[in-house]
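# Inside the fold
Here's the letter readout for the chains.
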Amino acid sequence: MTHRDVTGSRGTSPQRTERELREALEALAGGVRAAPDAYRTARGEWLRRERRRRLVLAVLITVVFALATLIGLWVLNQAPSDPGVIFSGAGGGVSHASLARPHP
C-alpha cells in the first residue's frame, strides 16, 4: 500500500463526491419527460392483460368441465345393457316380503 492509497487523491472528499453525484443525477432526472398519457396507457395494458387472464381461465374451466362430462357419459354408456344379477328378479332364496305387491 502506498502513501497515495491511504490519503486519497487531492480534492476528493466524501462531500464533494456526494455533491457531484447529486448534480449529475439532478441533470439526468431533469432531462426525463414522461409522456402525458403514460399512466392511462399503462393502466389500459394492465386491464387488457387482466381481461385476457380471466378469459383464458374461463375457457380452461369450460373445457375441463366439458371433458369431465363427456368422459362420465362415455363411461356410463359403456355399462352393459342387460339387467345383471341384482335386478334380475331371480332371488336366491332370500325373501323380500316388504317389497312384494299383493295380488288383487
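Keep in mind that this is a model prediction, so the values were computed, not measured.

Turning to the overall build of the protein, a few remarks are in order. What the protein contains, in helices and strands, is three helices and zero strands. Per-residue burial over the protein gives 0% buried out of 104 residues. In the structure as shown, the protein presents an accessible area of about 10,400 Å², 64% of it carried by carbon and sulfur atoms.

Enumeration according to the criterion identifies five salt bridges in this entry. For the salt bridge of Arg 53 with Glu 50, the shortest nitrogen-to-oxygen distance reads 3.2 Å. Here Glu 50 and Arg 53 lie together in helix α3 (residues 38-77), a separation of three residues that amounts to about one turn. Classification of Arg 53 as partly exposed rests on a relative accessible area of 48%. The partner of Arg 54 in a salt bridge is Glu 50, and the shortest N-O contact between them spans 3.4 Å. With Arg 54 and Glu 50 both in helix α3, this residue pair falls four residues apart, about one helical turn. Within the structure, one salt-bridge network assembled from shared partners comprises Glu 50, Arg 53 and Arg 54.

This part is about a nonpolar patch on the surface. Nonpolar side chains collect at one region of the surface, where Leu 55, Val 59, Val 63, Leu 67, Ile 71, Trp 74 and Val 75 lie side by side and expose about 700 Å² of accessible area between them. Locating Val 59 in the fold gives a position in helix α3.

Moving on, we come to a positive patch on the surface. Together, Arg 48, Arg 49, Arg 51 and Arg 52 make up a positively charged patch on the protein surface. Along the chain, Arg 52 turns up in helix α3. Relative accessible area serves as the criterion here: at 53%, Arg 52 is assigned to the exposed category.

The predicted model of the protein averages 81 in pLDDT, with 68% of residues at 70 or higher. Here helix α1 (residues 3-7) stands out as the element of the protein with the lowest mean pLDDT, 52, in contrast to α3, whose mean of 96 is the highest.

Procedures and definitions
Residues numbered from 1 in each chain as written. Predicted model: local features only at pLDDT ≥ 70, side-chain atom pairs only at ≥ 80, totals over all residues. Heavy atoms only, no water. Helix = DSSP H or I, 4+ residues; strand = E, 2+ residues; numbered from the N terminus. Buried < 20%, exposed > 50% of the residue type's maximum accessible area, 1.4 Å probe, protein only. Areas by Shrake-Rupley, 256 points an atom, 1.4 Å probe, with all protein chains shown as cover. Salt bridge = Lys/Arg side-chain N within 4 Å of Asp/Glu carboxyl O. Patch = residues over 30% accessible without salt bridge, like charges linked within 9 Å, V, L, I, M, F, W, Y side chains within 5 Å. Lys, Arg positive; Asp, Glu negative; His and termini not counted. Charge placed at Lys NZ, Arg CZ, Asp CG, Glu CD. pLDDT = per-residue confidence, 0-100.

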